[in-house]
Every structure is written in structure tokens, then in C-alpha cells.
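Residue-level structure breakdown
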Protein chains: 2
Amino acid sequence: MAASETEADFAAWMGTTQARVEAALQRSLPGPQHVPARLHEAMRYATLEGGKRVRPLLTFAAGELAGADPARLDSVACAVEMIHAYSLVHDDLPCMDDDVLRRGKPTVHVEYDEATAMLVGDALQAQAFQLLSEPGLAGDPKLQLEMVKTLALAAGSRGMAGGQAIDLAATGKQLSQTELEFMHVRKTGALISAAVKMGALCAGSCPPALEQYAHRIGLAFQVVDDVLDSEASTATLGKTAGKDSAQGKPTYVSAMGAPRAKAFAEELRRGAQEALAPLGRRALRLQQLADFIVLRKF
Amino acid sequence: MAASETEADFAAWMGTTQARVEAALQRSLPGPQHVPARLHEAMRYATLEGGKRVRPLLTFAAGELAGADPARLDSVACAVEMIHAYSLVHDDLPCMDDDVLRRGKPTVHVEYDEATAMLVGDALQAQAFQLLSEPGLAGDPKLQLEMVKTLALAAGSRGMAGGQAIDLAATGKQLSQTELEFMHVRKTGALISAAVKMGALCAGSCPPALEQYAHRIGLAFQVVDDVLDSEASTATLGKTAGKDSAQGKPTYVSAMGAPRAKAFAEELRRGAQEALAPLGRRALRLQQLADFIVLRKF
């Protein structure tokens, strides 16, 4: 295939997968016909019709590579995305980042109220684990338990929530590149790695090459996020731009300057591609996602 | 045995089990030697040395009745207690009940800060599911998945978090007894039922008699809580007394008056004992716990 055909093909795959994940999320979230209606409505508001679904795309790409059943990937992708959505809702609260705009819409505590936003996050986390515990999800219940564990570790105090805590404590400080990496491997990287690993687990096991890929791409994602926060506009981001520097948060841009941060992201992208090399052509979607993540402009 | 001997025996069992659960929680929570130290310290502050451990006691009583391995019960009891502890931390936040005192100590957001309190709750929930996913916990991984599902349902939008949302929406309103029951079956009852069911699941299955017992005792617990909130002092409760009426929250006391609420609790206690009757002498600890929950004065 010529490069442009490959690109069109990737765009089509991405569109199809995003639509599939949206439909699966629609099905997996309790509807407002269930009491409490307002909470269920707010959980849907926080999760549906939003974002690029990078984590679910990674789950599907890793799962398809490994030959997983797509119906299983639906559940796993939804569970990962629910954890991600809950983290955004809690991060946006006044006691955290205090943000009013997310995915181009008012944040949950603005559209509803703070207490509802807190409960939305709490309930989305529980919903994610409920999804992973449905009988028969992975054929082998042991594998399913491994997924529960992978997601719990990624979300918890030594994963995402821990990364958040380090981030809060670092506000106003200048961190070294090593410290930044330590923070972001937890805050963003852990859930991205879990998305890849759990996709592969749907087919039985996760090859070490994928874990290495996931680690690099997770970090690259955050470096690019830092660059975009400092250079893109609020309109293109769909969330408030320039917040990091306004809040005195250490970023890759503040630590090494934008040009070196961009070069670092590029280095990580190449490292991620190299990790995939032994998997050959089967890893095409993951290669394309690495490009998509690092070269995205929105 | 004479009544006083039985009581002494129960008190000894309770003390031993509480100490055992405390030790298990100590082991199950990451220590402050792990980064982020402050978050781990706050998670321990929120969970250790507090409360009567009613839910873990129920898990152990149900598990011992069913013949479960005590080491398994440790993990399950800790998982349930972590969900309970997280819910208290989030409930106490200014955007929820805004309380400064819990278990006789300053609440987590007072002792630390609001953002930390939010992350403590988030991380405790993840930690609970991580505990339940440890390989080999229940022998049969299918049973373990059933525990994950039981706990996720109890914690989520159709369980505890949902009950909280209904509670928030009901502030300032007068609810009927049916509506109150609907709310409390979710807010308090769901996790208490899960504690009983998961204890029994450690030995293979949960008899319907136990589910009926758990439902009744869960509701009784809340009725007694409402009575105590209106009648006991802050010093004996270890949390701010009289908050429900000050905040205009509907309670069993506001719905039916204290005397009828007490009679209702007694009726539920008897119903719980009746549910246990087919299990005979094996259910002694659960019988004693029903008495303890309803007749407690602190």
C-alpha cells in the first residue's frame, strides 16, 4: 500500500473502532431510567461523546494483534475508558485542577454540582471493575482476574492516583527529567500501559515487546500533552490551554524547553516503534497509533 | 453456656477478630516508605485504628459459619473495609457532608487537605479491588470474580454511590418510609450485604438465609444510626452528632419519630435472627452481631 492508502486505512479503522467503543460505552453505562437518574445521566455526560479514545484504541490494536475476540475487547476498552473518564472528572474539581472546560463541554461539577461530580467518579471506578468481573469475559477466569489486578494497580496509589498526588505536591517546584518521568509514568503512563496489556490479555497473554511499547508510548503521550498545553489554543484542545504554566506545574516544557521536549517525544516514538519490530506487520495499528499520539496537533 | 458466658465469649471473639483485621489492614495498605509517602500515610490515617469494624466482623462471622479459610477472610474483610473507609473520607468532604470529625479524629481533608482526601478515597477503592484480584485468594478464580462483582455492585451507582446521590437529592425533603428504605438499602445496606455474602463466598457459596439476614441487618444498622445521631452525643459517637436534622436530612427518626424507629430496628433485628434459624447453632456469631448492631449505644 502507498503511504496515503495506509493513512486512509488507519483513519477508517480508527473511526470504526471509536464508534464501536462509543456504542459499547452506551450499553455499559446504566441509563437514566435507573434510579438515581441524575447520577446516571451525569456518568453518561462524563463518559460519552468525548475524547479521542486513545486508550480504547490501544486496547483494540493490542487485542487485534493478539487475535482477541472483539466482544471481549469491548468490555476491556470500556473499563479502561471509565477509569480515565472518572480521573478527568475528579481532576477537574475545584480542590484539584479547578477546570471548567473538558472535551469542549462544561466540566461535570459545572454542569451538575461538585458532590455529583465526586460521586460520578466514584461510581465510574466501581462500574469499571464490575464490567471486568462479568462471568465469561475472558474465557479463563484467571486471565480475567489478572485484568482486574492490572487495572487496579494502574488506577491506584502506585499508579494514576499516586501520580496525581505527586503532581499536586510538585506544583510550584522545578522537577528534574527523572522526577518528571517518575511522576508521569504513574499519572498517565500506568493506565495507557494497562490499556495495551489488557487488550493483549484478552487473547491469553501480553508479550514483553508490547509492555515496552506501552511504557514508551505512555510517556510520549504526556510529553506531547505538555507541549500542546503550552502551544495550542483552548479551542483546538477542548480544554483550557496554558493551565500548567499558569498553575506553576512542572512539565517537560518547563524542564527542558519546547524544542527538546519535542525531540524527546520523537525519540520515544521511535523507541516504541523499535519495540514493535519483532512483531512485524501484525503490529501495524500499534505503529500507527504511536505516530498518531506523537504527531497529533489537537 | 449461661448468658454472661456467651456474652464474654462474643466480646472475646470480637476483640480477636478486630485485632486480626487491624493487622491485615496494616499489611494490605502500602506503607509510607512507598512513594507518594504522604498519600500512603493519609490512606493509613483514614483506614487504621478506627471504627468498630462492623463489616469485617460480619465477613468473618459469615465466613466462619461457612467454614472459610481465615487467611482468605482477611483479604475480603480488608477489601470491604477499604471501600467503607473511602466512602467516609469522600462523604466528609466540604462538597458532601462537610464534617470535621470522624472516629474521634479530624477528618482526612482537615488533617491533610481536600485534594489528598479525594485521592485517598480514589486510591482506597482501587486498592480494595486489587486485594480481591490477588491470585489464589479464593481457590476457585470464578468465585473470586464473583466477589469482585459483588463488591463493585455494592459500591457503585446502584449501590453505595447511588444511595449517596439519593441522599443528597433528598436533603430538605420529607421521605416516606418506603423511599427511606430504598435509599438506605443502597447507601448502607448494599455494602453490609456484600460483607456477609463475600465472607460466605470464601467457602464456596452464600446460602439464601444469609442474604436475607444481611438485608435486614443492613437496614437495622441505618435505623439505629439515625436514632443515635438524634440522641447520642458527639463524644460518644466520635463524629458530629445531630448532623442529620441540622442538615435537613430525612431519617427514620424524622419520618416516624424515635420510638417507632426503635421499634422498627427491633423488628428488623428479630427478622434477621429468624432468617438465621435454619442454620442453627453455627449462626451464633451472626446472631450476636445482630444484637450488637441494634443494641449498641455508641
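Residues numbered from 1 in each chain as written. Chains lettered and ligands numbered in written order. Predicted model: local features only at pLDDT ≥ 70, side-chain atom pairs only at ≥ 80, totals over all residues.

1. Here we look at the overall build of chain A
Counting secondary structure elements, chain A contains 15 helices and two strands. Here the C-alpha atoms of chain A give a radius of gyration of 18 Å, agreeing with the 19 Å that 2.2 N^0.38 yields for 298 residues. Every one of the 298 residues in chain A was classed for burial, and the buried ones make up 54%. (Helix = DSSP H or I, 4+ residues; strand = E, 2+ residues; numbered from the N terminus. Rg over C-alpha atoms; globule rule 2.2 N^0.38 Å. Buried ≥ 20, exposed ≤ 12 C-beta atoms within 10 Å, placed from the backbone.)

2. A look at the packing of helix α7 (residues 141–155) of chain A against helix α7 (residues 141–155) of chain B
Where α7 of chain A contacts α7 of chain B, the two axes come as close as 8 Å, and the packing angle between them is 40 degrees. Here α7 of chain B runs oblique to α7 of chain A, going by the angle between their axes. At the point where α7 of chain A passes α7 of chain B, the crossing takes the left-handed sense. Residues Pro141, Lys142, Gln144, Leu145 and Val148 of chain A of α7 of chain A lie in contact with α7 of chain B, whose contacting residues are Pro141, Lys142, Gln144, Leu145 and Val148 of chain B. Along the lines of polarity and charge, the residues of the contact of α7 of chain A with α7 of chain B split into six nonpolar, two polar and two charged. (Axes fitted to C-alpha atoms, helices over the stretch in contact; angles between N-to-C directions. Parallel < 35°, antiparallel > 145°, perpendicular 65-115°, else oblique. Left-handed = near helix turned anticlockwise from the far one by under 90°. Contact = placed C-beta atoms within 7 Å. Nonpolar A, V, L, I, M, F, W, Y, C, P; charged D, E, K, R; others polar.)

3. Details of the relation of the copies chain B and chain A
The relation between the two copies of this chain is a rotation about an axis and a shift parallel to it. Under the fitted operation, chain B is carried onto chain A by 0.0 Å of movement along the axis and a turn of 180 degrees, and the coordinates agree to an RMSD of 0.0 Å. Classification of the inter-copy transformation places it as that of a two-fold axis. The position closest to the rotation axis in chain B is occupied by the C-alpha of Pro141 of chain B, lying 2.8 Å away. Most of the interface of chain B is mirrored in chain A: 100% of its interface residues are interface residues there too. (Least-squares fit on C-alpha atoms with pLDDT ≥ 70 in both.)

4. Considerations on the nonpolar core
With 196 residues, the main nonpolar core has Val120, Leu151 and Ala220 of chain A together with Val120, Leu151 and Ala220 of chain B as its most contacted residues. The contact partners of Leu151 of chain A, leaving out residues within four places of it in the chain, are Ala79, Val80, Ile83, Ala128, Leu132, Ala194 and Met198 of chain A. (Core = buried A, V, L, I, M, F, W, Y, C linked by C-beta atoms within 7 Å.)

5. Quick word on helix α8 (residues 160–170) of chain A
The buried count for α8 of chain A comes to eight of 11 residues, which makes it a mostly enclosed element. Buried within α8 of chain A are the following residues: Met160, Ala161, Gly162, Gly163, Gln164, Ala165, Ile166 and Asp167 of chain A. Where the residues of α8 of chain A are buried, they touch α4 (70–91), α7 and α9 (177–201) of chain A together with α2 (37–47) and α6 (114–132) of chain B. Where α8 of chain A terminates, the next one or two residues include Gly172 of chain A, which has phi positive at roughly 85 degrees.

6. Some words on helix α3 (residues 54–66) of chain A
All names here are of chain A. Spanning 13 residues, α3 covers 18 Å between terminal C-alpha atoms, matching the ideal 18 Å at 1.5 Å per step. The buried fraction of α3 amounts to 12 of the 13 residues, a majority that puts the element mostly inside the structure. Buried residues of α3: Arg55, Pro56, Leu57, Leu58, Thr59, Phe60, Ala61, Ala62, Gly63, Glu64, Leu65 and Ala66, and no others. Positioned one or two residues after α3, Gly67 has a phi angle of 85 degrees, which is positive. (Expected span 1.5 Å × (residues − 1).)

7. Re the interface of chain B and chain A
With 44 residues of chain B in contact, the opposing surface of chain A contributes 44 residues. For the side of chain B that touches chain A, the elements supplying multiple residues, two or more each, are α2, α6, α7 and α8 (160–170) of chain B. If you tally residues by element for the side of chain B that touches chain A, the top one is α6 of chain B, at 12 residues. Considering only residue class, the side of chain B that touches chain A consists of 25 nonpolar, 13 polar and six charged.

8. Section: the packing of α7 of chain A against α6 of chain B
Put simply, α7 of chain A and α6 of chain B touch, their axes get as near as 8 Å, and they point 155 degrees apart. Accordingly, the angle class assigned to the pair α7 of chain A and α6 of chain B is roughly antiparallel. Where α7 of chain A crosses over α6 of chain B, the handedness of that crossing is left-handed. Between α7 of chain A, through Val148, Lys149, Ala152, Leu153 and Ala155 of chain A, and α6 of chain B, the contact on the second element is made entirely by Ala126, Phe129 and Gln130 of chain B. In the contact of α7 of chain A with α6 of chain B, the residues fall into six nonpolar, one polar and one charged.

9. Section: the environment of Val89 of chain A
Residues and elements named next belong to chain A. Residue position: Val89 is located in helix α4. Separated by 120 residues in sequence, Val89 and Ala209 place their C-alpha atoms 33 Å apart. Every residue in contact with Val89, bar those within four places of it in the chain, is listed here: Ala46, Val108, Ala117, Val120 and Gly121.

Bear in mind that shape data such as this cannot, by itself, settle questions of function.
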